[in-house]
Amino acid sequence: MKIMVCIKQVPHADARLDVNGAGTWIQEENIKFEINPYDQNALEAALQLKDKDASSEVVVVSIGPERVTQSLRTALGMGADRAVHVKDAAADGSDSLGNAKILAAVAKAESPDLVFAGFMSDDANLAATGPMLATLLGIPHTTTAVSFVQNGAITVERELEGGALEVVELNTPCLVTTQTGMNQVRYASLKGIMAAKKKPIDVKSVADLGLAGQVGAGAAKFKIEKLYTPPKGQGAEI
């Protein structure tokens, strides 16, 4: 079985967040980044399947600048087999649909049996990329998984509002987005970290994926117009 895991690098939970000078996003210089917590659970779910079947291959995919390499190496150190890094300024400013198009292009080249992604990212909180990716690939999907069993088909227990749970069954290929707390995420071992240095990271551009002009800020249908901190001691009108 080939398993593709989509991961995003987000600011570290302890990072101090300030609005950048343009008021369009946070100031990213001089802060630490980490793998999105929801995506860590997605990766762990994939690695647990690999633990049960050593013939399985886990491929991690991420979009972003050079610093994303660090998160990909962490994923490889945890046990993933190889990585794909879409590193291209032409992808900057992509909305959820643009990111889904990029991931779909990678997935079509990889032909995974199962795709894992986090339910949402800690920075944007949109929870849209996973379902969009599944739609572009034309495969069944489910979200907010809190447990799953792979026995031919994929049986997923998913979290609903109000504490209710729903059980769904999907045939592969399919996509599952994971909830935080779904599993206990492992640490990269020293042996794994050393091995990760030799594992391949395939760097792709937007043009390599046949998406020139189709993603990035120019193609985005959703963008942040303004980000600001309300004055202390006062409310803010929205």
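Check the entry above for the structure.
Structural notes, computed from the coordinates. Fair warning: this is a prediction, and the values are worked out from it, not measured in the lab. (Residues numbered from 1 in each chain as written. Predicted model: local features only at pLDDT ≥ 70, side-chain atom pairs only at ≥ 80, totals over all residues. Heavy atoms only, no water.)

## Observations concerning the pairing of strand β5 (residues 82–86)
Rules: Burial classes: relative accessible area under 20% of the type maximum marks a residue as buried, over 50% as exposed, and values in between as partly exposed (1.4 Å probe, protein chains only). Secondary structure counts use DSSP, requiring at least four H or I residues in a row for a helix and at least two E residues in a row for a strand, with both numbered from the N terminus. Any two strands are treated as partners once DSSP identifies two or more bridges connecting them. With the strands pointing away from the viewer, any crossover whose connection runs clockwise from the first strand over the helix to the second is right-handed.
Across the 5 residues of β5, 4 count as buried, placing the element largely inside the fold. Pairing geometry for strand β4 (residues 57–63) and β5, over 5 bridges, is parallel. By the bridge assignment, V60 is partnered in β5 with A83. Handedness of the β-α-β unit built from β4, helix α2 (residues 68–78) and β5 comes out right-handed. Two elements, β5 and strand β11 (residues 201–204), share 4 bridges in a ladder whose sense is parallel. Its bridge partner being in β11, A83 is matched across the sheet by I201.

## Quick look at the packing of aromatic side chains
Heads up, the condition is: Classification of ring pairs rests on two measures: the distance between centres of Phe, Tyr or Trp rings, Trp counted by its six-membered ring, which must be within 6.5 Å, and the angle between planes, read as stacked under 30 degrees, edge-to-face over 60 and tilted in between. Over a ring means this: the NZ of a Lys or the CZ of an Arg is within 6 Å of the ring centre and within 35 degrees of the ring normal.
Across all of its chains, the model carries 2 aromatic pairs by this definition. Its end group placed over the ring of F33, R67 keeps NZ or CZ at 3.8 Å from the ring centre.

## Some details on the nonpolar core
Soluble globular proteins: nonpolar side chains tend toward being buried together. Applicable threshold: We call a set of buried residues a nonpolar core when its members are Ala, Val, Leu, Ile, Met, Phe, Trp, Tyr or Cys and they connect through side-chain atoms within 4.5 Å of each other. Whether two residues are in contact is decided by their heavy atoms, any of which lying within 4.5 Å being enough.
Counting residues in each nonpolar core, the largest one holds 31 residues, and the members touching the most others are I3, V5, L43, V58, V60, L114 and F116. Of all the elements in the fold, those that place two or more residues in this core are β1 (2–6), α1 (37–52), β4, α2, β6 (114–118), β7 (141–151), β8 (153–159) and β10 (174–178). No other element matches α1, which puts 6 residues into this core. Dropping the residues within four chain positions of it, F116 is found in contact with I3, M4, V5, C6, A42, A45, A46, L49, F148, V176 and T178. Within the second largest apolar cluster, 24 residues are counted, among which are M4, V84, I102 and L175.

## Comments concerning the sheet that holds β10
Note the following rule: Only the contacting stretch of a helix is used when fitting its axis, a line to C-alpha atoms as for every element, and angles between N-to-C directions run 0 to 180 degrees.
Taking strand neighbours across the sheet as the criterion, the 9 strands line up as β9-β8-β7-β10-β6-β1-β4-β5-β11 in an open arrangement whose pairing is mixed. Every interior strand has two partners, whereas the edge strands, β9 (165–170) and β11, have only one. Between one strand axis and the next, the sheet turns through 30° on average, direction left out of account. In the sheet, β6 pairs with β10 via 5 bridges, with the strands oriented parallel.

## Describing helix α3 (residues 96–110)
Selection criterion: By this rule, a helix spans an expected 1.5 Å times one less than how many residues it contains.
End to end, α3 covers 21 Å across 15 residues, agreeing with the expected 21 Å (1.5 Å per residue, within 8%). Residues of α3 that are buried: S96, G98, A100, I102, L103, A104, A105, V106, A107 and E110. Tucked inside the fold, the buried residues of α3 contact β1, β4, β5 and α4 (129–137). Looking one or two residues past α3, S111 carries a phi angle of roughly 50°, positive in sign.

## Observations regarding the pairing of β4
Counting buried residues along β4, 5 of its 7 residues qualify, which places the element largely inside the surrounding structure. Taken together, the 5 bridges between β1 and β4 define a ladder with parallel strand orientation. Across the sheet, residue V5 finds its bridge partner in β4, namely V60.

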